[in-house]
Amino acid sequence: MNRVLAPTASAPLIRREVAGLPGYDPGADPDEVAVLSGSRRVIKLSNSEIPYGVSPAVAEAVRLGIADGFARYPDPTGKRLTDAIGKSLDVPADRIVLGNGSENILELLCQAVLDPGDLVITQAPGFSLHEIFPRVMGARVEKVPVTAEFGFDAAAWRDALAAGPKLVFLANPCNPTGAMLGAGELDRVVAGTPESALLVLDEAYGEFARPDPEYPDGLEALRTLDRPWIVLRTFSKAYGLAGLRIGYGIASDAALVRALDRVRTPYNVNRPAQDAAVAALGDHAHLADTVRRTGLEIARVTDRLRAAGLRVVPSSTNFLFIDTGHPSDRVAWELHRAGIIVKAWREPGYENHIRASLSTPEDNDVFVRCLTEICAKDRS
Ligand SMILES: *Cc1c(COP(=O)(O)O)cnc(C)c1O
C-alpha cells in the first residue's frame, strides 16, 4: 500500500523521508472480508498469529491485573520481566531491553544509531519494517536477495557487507520465506559485518525453529563476541501475545540498552503485557505444545500443497511462502471472497507469492482446498 500523502496544508511540514515512505501493509481488514465473502467466520492467515490461545497462567496474570485496576503507570524498567528473562538466558538483566513489540525495538535502534546517509543492510524478500524504520532516519537501505531456491546468497552478502553498513538487520528464520539460516551461514554474516557496525539478529520466529538441531541459537552464537550486537525476540508469535504488544532484546552490552532507554517513551510496555510475559515465560509446557502442533501442521499443509503442484518454501516458522503461479493480488482477492485472509506479496520478483500463517487443522484444510481450486481454475 504505497499511499502518497494528500496535498493538504500539513503536507509541507512532513519530512521528505517520511512523505516518500511505503506504508506498512497489515493485510486486509477482517470486517471488510466478512462483508465481501458474506461469511461471518473469517479465517485470518495474514499476520502470523497462532490459533492455540495463551497459557492459563497468562490468563490468570492478566485477570489479577484487571482486579488491581489501571490507574497506575507500569514499571518503566520492567524489572520483574527483565530479571526473569535474564535468569532464563543467563544474561545480566541490565542487558535486556523491552519494547512495545519487538518492532518498537527495531525503531529505537534506528533512532539511537542512524544518521542521514548511513547504510543499512537487510534481506529481500524481507520484513518491511527493516526498511521503513531506517528510511525514517534518512538512512540508505541495501537489500541482499535470496538465491533462486530461497537460500542464503553468501557472495551477495559478502559484497553487501563490504560496503560498510552501520546497521545490519537479519531475520532468522526469515520473514516472509520462513527459511532458516544454518550455523555456517550465520557465522559468515557475523564474520563479514564490520566490527564498527551493529548486528541485529531478529528471532521473532526462533521458538518455532529451535527444535531443529540445524537451527543456530543467535544468542549462543553471539554471546562471547566482543562487538556490538542485539538479538530480538517477541511474545507475539509462539507465545500468542500479539495483541498485548511486547518483545525484548538481549544486547552485547548495557550501554546499548541505556542508549535505547534515552530514546524510548518511558512507559512503552503496558502493565498487562509485562504481567502476561512473566507468566508466559514460565509456562514451558504450553510453548512446547504450541511449537509441536505448529510443526505438525506446517509439515502436513506443505505436503498437501506440493501434492497439488504448488511450490512451497520449506518453513521453520508458523507460516508458508507459496508460489501460486498467478498474480498474488488476484489470488488473495479470490481467497478474500472465500473468507480467507492471506498476505499478497508485492516485492519485485515475488508478485506471484502469498504468505499464509497456519491456523487450526480444520481452517487449514479450507485454505488448502480454496487455494488449490483457485490455482487450478486459473491454470485451465
Ligand atoms: C512479527 C515480527 C516482528 C515483531 O513483532 P512484534 O509483534 O512487534 O513483536 C519482528 N520481526 C519480524 C521479522 C516479524 O515477523
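Residues numbered from 1 in each chain as written. Predicted model: local features only at pLDDT ≥ 70, side-chain atom pairs only at ≥ 80, totals over all residues. Heavy atoms only, no water.

(A) Structural detail: helix H4 (residues 79-89). Every buried residue of H4 is listed here: Leu81, Thr82, Ile85, Gly86 and Leu89. All buried residues of H4 project into a common sector of 130° when viewed along the axis, lining one side. Facing away from the buried surface of H4 by more than 90 degrees, the exposed residues are Arg80 and Lys87. A positive backbone phi angle near 60° is found at Asp90, which sits one or two residues after H4. (Buried < 20%, exposed > 50% of the residue type's maximum accessible area, 1.4 Å probe, protein only. Helix = DSSP H or I, 4+ residues; strand = E, 2+ residues; numbered from the N terminus. Arc of directions from axis to C-beta.)

(B) Layout of the sheet that holds strand S7 (residues 229-234). An order of S2-S8-S7-S6-S5-S3-S4 is seen for the 7 strands of this open sheet, with the pairing classed as mixed. Each end of this open sheet is capped by a strand with a single partner; those strands are strand S2 (96-99) and strand S4 (140-145). Strand-to-strand twist in this sheet, taken as the mean axis angle between neighbours without regard to direction, amounts to 20°. (Pairing = 2+ DSSP bridges. Axes fitted to C-alpha atoms, helices over the stretch in contact; angles between N-to-C directions.)

(C) Region of interest: the UniProt feature "modified residue: N6-(pyridoxal phosphate)lysine" (unreviewed entry) in the protein. Here, the residues flagged by UniProt with the feature "modified residue: N6-(pyridoxal phosphate)lysine" (unreviewed entry) are Lys237. Following the sequence through the fold, Lys237 ends up in the loop between S7 and strand S8 (247-251). Of the residues examined, Lys237 reaches a relative accessible area of 16% and is grouped as buried. Engagement of the side chain of Lys237 in a polar contact is seen with the side chain of Tyr205, the distance being 3.1 Å. (UniProt positions renumbered as here; feature names shortened; annotations may be inferred. Polar contact = N/O pair within 3.5 Å; in protein donor to acceptor, adjacent residues only side chain to side chain.)

(D) Molecular detail of the UniProt feature "domain: Aminotransferase class I/classII large" (unreviewed entry) in the protein. The sites that carry the UniProt feature "domain: Aminotransferase class I/classII large" (unreviewed entry) are, in the present numbering, residues 41-369. Annotation note: span residues 41-369, helix share 42%, strand share 17%, distance between end C-alpha atoms 17 Å.

(E) Structural detail: the packing of aromatic side chains. Under the definition given, this model contains 9 aromatic pairs. Among the aromatic residues, ring-to-ring pairing joins Phe150, Phe321, Trp345 and Tyr350 into one connected group. Stacked on the ring of Phe319, the Lys or Arg Arg355 has its end atom at 5.4 Å from the ring centre. (Phe/Tyr/Trp six-rings, centres within 6.5 Å; stacked < 30°, edge-to-face > 60°. Lys NZ or Arg CZ within 6 Å of the ring centre and 35° of its normal.)

(F) View of the site of the ligand. Around the ligand, the surrounding shell consists of Gly101, Ser102, Glu103, Phe127, Asn175, Asp202, Ala204, Tyr205, Thr234, Ser236, Lys237 and Arg245. Within the side chain of Asn175, an N or O atom sits 2.8 Å from an oxygen atom of the ligand. Side-chain polar atom of Asp202 to a nitrogen atom of the ligand: 2.6 Å apart, as the coordinates give it. The fraction of the free accessible surface of the ligand (390 Å²) that becomes covered by protein chains is 96%. A breakdown of the residues in the shell around the ligand according to their chemical character gives 3 nonpolar, 5 polar and 4 charged. (Near = heavy atom within 4 Å. Areas by Shrake-Rupley, 256 points an atom, 1.4 Å probe, with all protein chains shown as cover. Nonpolar A, V, L, I, M, F, W, Y, C, P; charged D, E, K, R; others polar.)

(G) Focus on the packing of helix H3 (residues 56-68) against helix H12 (residues 271-282). Look at H3 against H12: their axes get within 8 Å of each other, and the N-to-C directions meet at 150°. Judged by the inter-axis angle, H3 sits roughly antiparallel to H12. Note on packing geometry: the crossing formed by H3 with H12 is right-handed. In this structure, H3 uses Ala57, Val58, Ala61, Val62, Gly65 and Asp68 to contact H12, whose residues at the interface are Arg271, Pro272, Asp275, Ala276, Ala279 and Ala280. (Parallel < 35°, antiparallel > 145°, perpendicular 65-115°, else oblique. Left-handed = near helix turned anticlockwise from the far one by under 90°. Contact = heavy atoms within 4.5 Å.)

(H) Quick peek at the nonpolar core. Residues Ile85, Trp157, Phe235, Tyr248 and Ile250 are the most contacted members of the largest nonpolar core, which totals 50 residues. With 6 residues, H12 is the largest single contributor of residues to this core. Inspection of this core shows a minimum of three residues originating in each of domain 1 (12-41 + 285-379) and domain 2 (56-283). Leaving out residues up to four positions away in the same chain, Trp157 has contacts with Ile121, Thr122, Gln123, Val144, Phe152, Val168, Phe169, Leu170 and Val189. (Core = buried A, V, L, I, M, F, W, Y, C linked by side-chain atoms within 4.5 Å. Domains from an automatic or database assignment.)

(I) Looking closely at unusual backbone geometry. Residue Pro173 is reached from Asn172 by a cis peptide bond, and omega for that bond is -5°. Examined against the element boundaries, Pro173 turns out to sit in the loop between strand S5 (167-171) and helix H8 (183-192). Asn175 connects to Pro176 through a cis peptide bond whose omega is 15°. Mapped onto the secondary structure, Pro176 falls in the loop between S5 and H8. One non-glycine residue, Asp90, lies in positive phi territory at about 60°. Mapped onto the elements of the fold, Asp90 is located in the loop between H4 and S2.

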